[in-house]
Amino acid sequence: FHSNLIKFFSFSVVALVYIRYRQVKELCEKNELKPVTKKLNKICLYLGFIACYGVVMVASFQETNVLVVHLMGAAMCFGLGTIYEVLQVSISVLLYPTFGDKLVIIFRGICAVICLITHGLTFAFGVAAWFQFTGTDITKWERKDGGYDLHLISVISEWILAIVTQLFLVSFAGEFRLVQFSEPTMSPREIA
């Protein structure tokens, strides 16, 4: 159940990444915005999709099953997700004042900085803890196994990173209220 919920979340974020991409693309086409905005938007689309794939990897290959693949997925998810956030803050700044709210941009900036810091802490303390680990099962880390305090700092940082990332994504809700979807047209072809 847990892994399916994470996969569902990942596919929801894929939709969010695509909607944000299309929103910025439309704004670039309708307004005279700096060309870099269009390039950053395209980069964000790919980074967002790859980060979401990382989430699917984390859910599919849990820590107790295939640790290396799980860690690769986490690196994709959090590493590329953090870069996505930083670039989205840049896009938000480039769109302002034509589009967006100053307080929302500041909130996104704070979230991105927190994610940069906690991502660094997660990685640095996680690696340091790994080298001090002397136990037999890394999925059941105990204080006597060595590196426990470092591991704890890494895990707490990872949870803060995950929560702040979700807050960052929620910050798009106000802007998405301005998005209007039209049902796609469909023209069936005749079979010859």
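Not measured: the values here are computed from a predicted model.

Visitor: I would appreciate a short explanation of the nonpolar core in the present structure.
Guide: The tendency in soluble globular proteins is for nonpolar side chains to be buried side by side. Phe-78, Ile-91, Leu-95, Phe-168, Leu-169 and Phe-172 are the most contacted members of the largest nonpolar core, which totals 34 residues. Of all the secondary-structure elements, those providing two or more residues to this core are α1 (2–30), α2 (35–60), α3 (67–95), α4 (102–132) and α5 (148–170). Among the elements that line this core, the one with the most residues is α3, at eight residues. With residues near it in sequence (within four places) discarded, Leu-95 still touches Arg-20, Val-24, Leu-27, Leu-33 and Thr-37.

Visitor: What should I look at first to understand a nonpolar patch on the surface in this one?
Guide: A contiguous nonpolar patch, built from Leu-103, Ile-106, Ile-110, Ile-114, Leu-152, Ile-156 and Ile-160 and spanning about 610 Å² of accessible area, is present on the exposed surface. Counting through the fold element by element, Ile-156 comes out in helix α5.

Visitor: Got a minute to help me understand the layout of surface pockets in this structure?
Guide: Gaps between atoms show up when a probe of the same size as a water molecule is rolled over them. Its volume calculated, the largest pocket comes out at about 1,600 Å³. In terms of lining, the largest pocket is formed by 46 residues, of which the most central are Val-58, His-70, Ala-74, Phe-78 and Glu-158. Here the element with the most residues in the lining of the largest pocket is α3; it accounts for eleven residues. Split by residue class, the lining of the largest pocket holds 28 nonpolar, 15 polar and three charged. Arg-22, Gln-23, Glu-26, Val-179 and Gln-180 are, among the 13 residues lining the second largest pocket, the residues nearest its centre.

Visitor: So what exactly am I meant to see when it comes to the UniProt feature "transmembrane region" (unreviewed entry) in the protein chain here?
Guide: Following the UniProt record, the feature "transmembrane region" (unreviewed entry) maps to residues 6–22, 43–61, 67–96, 103–131 and 151–173 here. What you have in residues 151–173 is 91% helix and 0% strand, and the ends, taken at the C-alpha atoms, are 34 Å apart.

Visitor: Could you clarify how one ought to interpret the packing of α1 against α3 in this entry?
Guide: Describing two packed helices takes the angle between their axes plus the distance from one axis to the other. Remark: α1 packs on α3, axes separated minimally by 12 Å, with the N-to-C direction vectors making an angle of 25 degrees. When the interaxial angle is binned, α1 and α3 end up roughly parallel. Both α1 and α3 take part in a crossing whose hand is left-handed. Judged by residue contacts, Val-17, Arg-20, Val-24 and Leu-27 of α1 engage Tyr-84, Gln-88, Ile-91, Ser-92 and Leu-95 from α3. A breakdown of the residues in the contact of α1 with α3 according to their chemical character gives six nonpolar, two polar and one charged.

Visitor: Can you help me understand the pattern of salt bridges in this one?
Guide: Pairing is possible between side chains of opposite charge, provided their charged atoms come close. In the structure shown here, the tally under the stated rule is six salt bridges. Glu-26 serves as the salt-bridge partner of Arg-22, at 3.3 Å between the closest nitrogen and oxygen. With a gap of four residues between them, Arg-22 and Glu-26 both fall in helix α1, about one helical turn apart. Taking the relative accessible area as the measure of exposure, Glu-26 reaches 29% and is therefore partly exposed. The residue Arg-143 makes a salt bridge to Asp-149 at a minimum N-O spacing of 2.9 Å. The exposure class of Arg-143 is exposed, given its relative accessible area of 57%. Residue Asp-149 is classed as partly exposed on the basis of its relative accessible area of 44%.

About the criteria used
- Numbering of residues starts from 1 in every chain and runs along the sequence as written.
- Residues qualify for local features only when their pLDDT is at least 70, as the model is predicted, and side-chain atom pairs are given and counted only at 80 or more; totals for whole chains, interfaces and linings, by contrast, use all residues.
- Working from all heavy atoms in the structure, the side-chain values ignore hydrogens and water.
- The term nonpolar core refers to a set of buried residues drawn from Ala, Val, Leu, Ile, Met, Phe, Trp, Tyr and Cys, joined through side-chain atoms within 4.5 Å.
- Per-residue accessibility, obtained with a 1.4 Å probe over protein chains only, is compared with the maximum for each type, and a residue is labelled buried under 20%, exposed over 50%, and partly exposed between these values.
- A run of H or I in DSSP counts as a helix once it spans at least four residues, and a run of E counts as a strand once it spans at least two, with each numbered from the N terminus.
- It only takes one pair of heavy atoms within 4.5 Å for two residues to be counted as in contact.
- Patch definition: residues with relative accessible area over 30% and no salt bridge; like charges joined within 9 Å; nonpolar side chains (Val, Leu, Ile, Met, Phe, Trp, Tyr) joined within 5 Å.
- What sets the accessible areas is the Shrake-Rupley method with a 1.4 Å probe; for residues, cover comes only from the shown protein chains.
- For this analysis, a salt bridge means a side-chain nitrogen from Lys or Arg found within 4 Å of a carboxyl oxygen belonging to Asp or Glu.
- Cavities and pockets were defined on a 1 Å grid built from protein atoms only: a cavity is a group of points that admits a 1.4 Å probe but offers it no way out, a pocket is an open group of points flanked by protein on both sides within 12 Å along at least five of seven lines, and a lining residue is one with an atom within 4 Å of any such point.
- Grid points are joined across faces, edges and corners, and a volume is the space filled by probe spheres set on the points.
- Amino acids are sorted into nonpolar (Ala, Val, Leu, Ile, Met, Phe, Trp, Tyr, Cys and Pro), charged (Asp, Glu, Lys and Arg) and polar (every other residue, Gly among them).
- UniProt positions are given in the numbering used here, feature names are shortened, and annotations may be inferred rather than shown by experiment.
- Working convention: axes come from line fits to C-alpha atoms, limited for helices to the stretch in contact. Angles between N-to-C directions cover 0 to 180 degrees.
- Here is the rule for angles: anything less than 35 degrees is roughly parallel, anything more than 145 is roughly antiparallel, 65 through 115 is roughly perpendicular, and the remaining ranges are oblique.
- Note on convention: near helix rotated counterclockwise from far helix by under a right angle means a left-handed crossing. Clockwise means right-handed.

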